[in-house]
Amino acid sequence: MKISSAISSAFSLTRRVSNLRIARSSLIKSAHLLERIGLATVGASCGLYVGATLLRQRGLFESGWIVLITMLYGALSYYVGIDLSGNVARGPKSSISEEWNGSEPIEIMSAAGTFGAAIAATLSVSILVLDQNLPNGLIGFVAGCWVVGSSLQVAAGTMARSYEAQIASNEGTAVTKSAP
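Residues numbered from 1 in each chain as written. Predicted model: local features only at pLDDT ≥ 70, side-chain atom pairs only at ≥ 80, totals over all residues. Heavy atoms only, no water.

Caption draft 1: How the structure looks around the nonpolar core. Membership of the largest hydrophobic core comes to 15 residues, with the highest contact counts inside it found for Cys46, Val50, Leu54, Tyr78, Ala120, Val142 and Trp146. Those elements that place two or more of their residues in this core are helix 2 (24-56), helix 3 (65-81), helix 5 (104-129) and helix 6 (136-178). With 5 residues, helix 6 is the single largest residue contributor to this core. (Core = buried A, V, L, I, M, F, W, Y, C linked by side-chain atoms within 4.5 Å. Buried < 20%, exposed > 50% of the residue type's maximum accessible area, 1.4 Å probe, protein only. Helix = DSSP H or I, 4+ residues; strand = E, 2+ residues; numbered from the N terminus.)

Structure below.
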């Protein structure tokens, strides 16, 4: 008896909550911000692994600041570069498959940057977990993958936002020109 009354009260609570009206756009913006913060957290944790790997190599990086720098740069690159807006990622497609619409290089840079940063993070985790001592050249390779990958992500995110602004200004110009 008590279970059925608990279930019916849960359904009535659900009906009351569904009657709340939250603006869809503000809900989506909040979800998008939460997603970006999550991506930044992932980038910072990847940077933590890369920084810890670099810190273990005596002679190359001796300051503990390298960990903080790689974490901050990872957070920035993942926040700015991974989550490209829908306008860039699904921009206007041409009917001819050989034509580029301008957003493809941005998507390629973002993908390459994500791949490079992920390779650096994966190698760093394996170096730390397996407690390997590698030559400085391989550690330099990990650092290079991290710097190049993260930089490509930042560049792609910056280019995507300027491309988006350019599209918006072109649409605004087209609207004002067509107005009587």
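Read on, since the account is not over.
Caption draft 2: Examining unusual backbone geometry more closely. Unlike most non-glycine residues, aspartate 131 shows phi in positive territory, near 50°. Tracing the backbone through its elements, the reader meets aspartate 131 in the loop between helix 5 and helix 6.

Caption draft 3: Expanded view of the packing of helix 2 against helix 5. Helix 5 packs onto helix 2 with a crossing angle of 55° between their chain directions and a minimal axis gap of 8 Å. Taken together, the axes of helix 2 and helix 5 are oblique relative to one another. Handedness of the helix 2/helix 5 crossing: left-handed. On helix 5, the residues that touch Cys46, Tyr49, Val50, Ala52, Thr53 and Arg56 of helix 2 are Ala120, Ala121, Ser124, Val125, Ile127 and Leu128. The residue inventory of the contact of helix 2 with helix 5, partitioned by class, reads 9 nonpolar, 2 polar and 1 charged. (Axes fitted to C-alpha atoms, helices over the stretch in contact; angles between N-to-C directions. Parallel < 35°, antiparallel > 145°, perpendicular 65-115°, else oblique. Left-handed = near helix turned anticlockwise from the far one by under 90°. Contact = heavy atoms within 4.5 Å. Nonpolar A, V, L, I, M, F, W, Y, C, P; charged D, E, K, R; others polar.)

Caption draft 4: Structural detail: the environment of glycine 47. Along the chain, glycine 47 turns up in helix 2. Given the relative accessible area of 0%, glycine 47 is considered buried. With 21 residues separating them along the chain, glycine 47 and leucine 68 place their C-alpha atoms 8.2 Å apart. Each residue touching glycine 47, except ones within four places of it in the same chain, is listed here: Val67, Thr70, Met71 and Trp146.

None of this, on its own, says anything about what the molecule does.
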